[in-house]
Amino acid sequence: VLRSDPLNAIDFYALIGESYFLEKNYPMAIQAFEDALLIDPTNEDLLQYLAVSRFNLGQREAADSLFSIARMHMDGTVLNPSQTRPDTTRIWLEGP
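Predicted model, so just to flag it, every value in this text is computed and none were measured.

Rules of the game
- Counting restarts for each chain, with residues numbered from 1 along the sequence as it is written.
- Residue-level local features of this predicted model are given only where pLDDT is at least 70; pairs of side-chain atoms are given and counted only at 80 or more, and the full residue set underlies all totals for whole chains, interfaces and linings.
- Remark: hydrogens and water are excluded; side-chain values derive from all non-hydrogen atoms of the structure.
- What counts as a helix is a DSSP run of H or I of at least four residues, what counts as a strand is a run of E of at least two, and both are numbered from the N terminus.
- A helix is expected to reach a length of 1.5 Å times the quantity of its residues less one.
- The cut-offs for exposure are 20% and 50% of the maximum accessible area for each residue type, with area from a 1.4 Å probe on protein chains only; residues under the lower value are buried, those over the upper are exposed, and the others partly exposed.
- We define a salt bridge as a contact between a side-chain nitrogen of Lys or Arg and a carboxyl oxygen of Asp or Glu at a distance within 4 Å.
- Axes here mean lines fitted to C-alpha atoms, for a helix over just the part in contact, with angles spanning 0 to 180 degrees between N-to-C directions.
- An angle below 35 degrees is treated as roughly parallel, one above 145 as roughly antiparallel, one from 65 to 115 as roughly perpendicular, and anything else as oblique.
- Note: crossing handedness is left-handed where the near helix turns anticlockwise from the far helix by less than a right angle, and right-handed where it turns clockwise.
- Contact criterion: two residues are considered in contact whenever any of their non-hydrogen atoms come within 4.5 Å of each other.
- In this classification, Asp, Glu, Lys and Arg are treated as charged, Ala, Val, Leu, Ile, Met, Phe, Trp, Tyr, Cys and Pro as nonpolar, and every other residue, Gly included, as polar.
- For this analysis, a ring pair means two rings from Phe, Tyr or Trp (six-membered ring only for Trp) whose centres lie within 6.5 Å, classed as stacked if their planes differ by under 30 degrees, edge-to-face if by over 60, and tilted for the remaining angles.

Chemist: A description of helix α2 (residues 26-39) should follow, citing residues and the corresponding values.
Modeler: Under the 1.5 Å per step criterion, the end-to-end length of α2 is 20 Å for 14 residues, consistent within 8% with the ideal 20 Å. Every buried residue of α2 is listed here: Tyr 26, Ala 29, Ile 30, Ala 32, Phe 33, Ala 36 and Leu 37.

Right under this line is the structure:
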């Protein structure tokens, strides 16, 4: 089913990843998010979850790179490097 319906596969992997993420099982969350990103490499939500998971494991450089990629794909558009957007990273890491 996952191979024949990629959209359901993305949802499946995302749900598994979010479950692991909420349990703070970041290595398993990372695997699920990476599997989903193989299907949709521009999915901003998945990129942010992956970035936070890596950040929480102390992988700061990888997290920074992933946050940058996610920002580039905000709203389905790739940003010009000279454009700026509000940095939502702090919200993810520190909460409201």
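Once you've had a look at it, read on.
Chemist: Tell me about the pattern of salt bridges, residues and numbers included.
Modeler: Applying the stated criterion to the full structure yields one salt bridge. A salt bridge links Arg 54 to Glu 34; the shortest N-O distance between them is 2.5 Å. Of the two residues, Arg 54 sits in helix α3 (residues 44-56) while Glu 34 sits in helix α2, which places them 20 residues apart along the sequence. Residue Arg 54 is classed as buried on the basis of its relative accessible area, which comes to 17%. Residue classification places Glu 34 among the partly exposed residues on the basis of a relative accessible area of 29%.

Chemist: So what's going on with the packing of α3 against helix α4 (residues 60-72)? Residues and values would help.
Modeler: In the contact formed by α3 and α4, the axes pass within 8 Å of each other and the chain directions differ by 165°. With respect to their mutual orientation, α3 and α4 come out roughly antiparallel. Crossing of α3 over α4 shows left-handed handedness. Residues Glu 44, Leu 47, Gln 48, Leu 50, Ala 51, Val 52, Arg 54 and Phe 55 of α3 pack against Arg 60, Ala 62, Ala 63, Leu 66, Phe 67, Ile 69 and Ala 70 of α4. For the contact of α3 with α4, a count of residues per class yields eleven nonpolar, one polar and three charged.

Chemist: Describe the packing of aromatic side chains, naming the residues involved and giving the relevant values.
Modeler: Within the structure shown, the criterion is met by four aromatic pairs. Seen from their ring centres, Phe 12 and Tyr 13 are 5.5 Å apart, and the 65° between their planes marks the pair as edge-to-face. For Phe 12, a relative accessible area of 40% gives the class partly exposed. Geometrically, the ring pair formed by Phe 21 and Tyr 49 is edge-to-face, given 5.1 Å between the ring centres and 80° between the ring planes. Separated by 28 residues along the polypeptide, Phe 21 in helix α1 (residues 6-22) and Tyr 49 in helix α3 bring together distant segments of the chain. Since its relative accessible area comes to 14%, Phe 21 is described here as buried.

Chemist: Give a description of unusual backbone geometry that names residues and reports values.
Modeler: The backbone phi angle of Lys 24 is positive, close to 65°, even though this residue is not glycine. With respect to the element layout, Lys 24 can be found in the loop between α1 and α2.

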